[in-house]
Amino acid sequence: MYILVINPGSTSTKLAIYNNRTQLICRTYSHNEAELGPYSNILEQKQFRKEIILRMLHEHGFRTKDMDLFVGRGGLVRYLESGVYRINDAYLHDASVGLNGEHASNLGAILAWELAKDADKENMAYTVDPVVVDECDPIAKISGMPEISRVGAFHALNQKAVAHRYAIQVEKPYASLNLIVAHLGVASASALTAMDGLLM
């Protein structure tokens, strides 16, 4: 099963192709101000980023119809429990209007769905653990001011992935662990390697 993974960031588009669990390709395309400057909002960047994805597929001998699954980074949609979601009209609407804010991650699901549709596989477009995951206990939402409730959104995808990786390393069930995981915003391979070393 071939899986196309799409991760749009503020100044980059990260792409990967997997064959089941085996990573075949991983590319990061950085975008400077001159490239993104002409677009007045995130949604206007859709075609620009889609062309990058299509070019990457072509360079590596793939077509959209060769992909079996299309997975896009989850954006600022309505608050959800963590998990895997098939992209539907409601999800696309929330991402398009920026229901909980405008961010490049909103394009993840939109691009995954469009590419899946181009391949006549729109039912095979998914997103996983979007940043609007909210599973906080009610007490965690207390801000100190009765009029203000804290928001539970966080980088669930990154933090859960690290926690699952740690669970495998220590050979314990993920659900049995109590962990503190910090998202430091680092994306370099050296930083990830260092984090792996700390977890071992």
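For the structure, see preceding data.
Residues numbered from 1 in each chain as written. Predicted model: local features only at pLDDT ≥ 70, side-chain atom pairs only at ≥ 80, totals over all residues. Heavy atoms only, no water.

A short note on the overall build of the protein
- Of regular secondary structure, the protein possesses six helices and six strands.
- Put simply, the protein runs from its N terminus to its C terminus through helices and strands in the order β-β-β-α-α-β-β-α-α-β-α-α.
- In terms of C-alpha radius of gyration, the protein reaches 18 Å, essentially the compact-globule figure of 16 Å for 200 residues.
- In terms of its C-alpha atoms, the protein occupies a principal-axis envelope of roughly 50 × 45 × 35 Å. (Helix = DSSP H or I, 4+ residues; strand = E, 2+ residues; numbered from the N terminus. Rg over C-alpha atoms; globule rule 2.2 N^0.38 Å.)

Description of helix α2 (residues 46-59)
- End to end, α2 covers 20 Å across 14 residues, agreeing with the expected 20 Å (1.5 Å per residue, within 8%).
- When α2 is considered as a whole, its buried residues turn out to be Phe48, Arg49, Lys50, Ile52, Ile53, Met56 and Leu57.
- Looking at the buried positions of α2, the neighbouring elements they touch are β1 (2-8), β2 (12-19), β3 (22-30), α1 (33-36) and α4 (106-118).
- Of the residues flanking the end of α2, it is Gly61, one or two places downstream, whose phi is positive at about 80°. (Expected span 1.5 Å × (residues − 1). Buried < 20%, exposed > 50% of the residue type's maximum accessible area, 1.4 Å probe, protein only. Contact = heavy atoms within 4.5 Å.)

Let's talk about the pairing of strand β6 (residues 125-128)
- Pairing analysis gives four bridges linking strand β4 (residues 69-73) to β6, with the strands arranged parallel. Among the inter-strand pairings, Phe70 is bridged to a residue of β6, identified as Ala125.
- Summarising the sheet, strand β5 (residues 84-86) and β6 pair through three bridges and their orientation is antiparallel. Across the sheet, Arg86 pairs through a bridge with Tyr126, a residue of β6. (Pairing = 2+ DSSP bridges.)

Describing the side chain of Lys160
- Looking at where Lys160 falls in the secondary structure, it is placed in helix α5 (residues 156-169).
- There is a polar contact of 3.4 Å between the side chain of Lys160 and the side chain of Ser82.
- Every residue in contact with Lys160, bar those within four places of it in the chain, is listed here: Ser82, Asp129, Glu135 and Tyr174. (Polar contact = N/O pair within 3.5 Å; in protein donor to acceptor, adjacent residues only side chain to side chain.)

Let's talk about the nonpolar core
- Core analysis: the largest hydrophobic core is formed by 35 residues, its most contacted members being Leu4, Ile6, Ile17, Ile53, Met56, Leu57 and Phe70.
- Excluding anything up to four places from it in sequence, Ile17 contacts Tyr2, Ile3, Leu4, Thr22, Gln23, Leu24, Ile25, Met56, Leu57, Phe62 and Met67. (Core = buried A, V, L, I, M, F, W, Y, C linked by side-chain atoms within 4.5 Å.)

Observations regarding the packing of α2 against α4
- Interaxial distance between α2 and α4 falls to 11 Å at its minimum, and their mutual angle equals 55°. The pairing of α2 with α4 is recorded here as oblique in orientation. Crossing of α2 against α4: the hand is right-handed. Seen from α2, the contacting residues are Lys46, Arg49, Lys50, Ile53 and Leu54; seen from α4, they are Leu107, Ile110, Leu111, Glu114, Leu115 and Asp118.
- Class assignment for the residues of the contact of α2 with α4 results in six nonpolar, no polar and five charged. (Axes fitted to C-alpha atoms, helices over the stretch in contact; angles between N-to-C directions. Parallel < 35°, antiparallel > 145°, perpendicular 65-115°, else oblique. Left-handed = near helix turned anticlockwise from the far one by under 90°. Nonpolar A, V, L, I, M, F, W, Y, C, P; charged D, E, K, R; others polar.)

What about the packing of aromatic side chains?
- Tallied over the entire structure, the rule returns two aromatic pairs.
- Geometrically, the ring pair formed by Tyr39 and Phe48 is tilted, given 5.8 Å between the ring centres and 40° between the ring planes.
- Relative accessible area serves as the criterion here: at 16%, Phe48 is assigned to the buried category. (Phe/Tyr/Trp six-rings, centres within 6.5 Å; stacked < 30°, edge-to-face > 60°.)

A look at the sheet that holds β6
- With mixed pairing, six strands are arranged side by side in an open sheet as β3-β2-β1-β4-β6-β5. Looking along the sheet, the strands with just one partner apiece sit at the ends: β3 and β5. Taken over all neighbouring pairs, the strand axes of this sheet differ in orientation by 20° on average, direction set aside.
- Sheet analysis places β1 next to β4, joined by four bridges and oriented parallel.

Describing the environment of Phe70
- Mapped onto the elements of the fold, Phe70 is located in strand β4.
- Under the relative-accessibility criterion, Phe70 is labelled buried at 0%.
- Taking the C-alpha atoms as reference points, Phe70 and Ala34, 36 residues apart in sequence, are found 29 Å from one another.
- Not counting the four nearest positions on each side in its chain, Phe70 is found in contact with Leu4, Thr64, Ala112, Leu115, Ala116, Ala119, Lys121, Met124, Ala125 and Tyr126.

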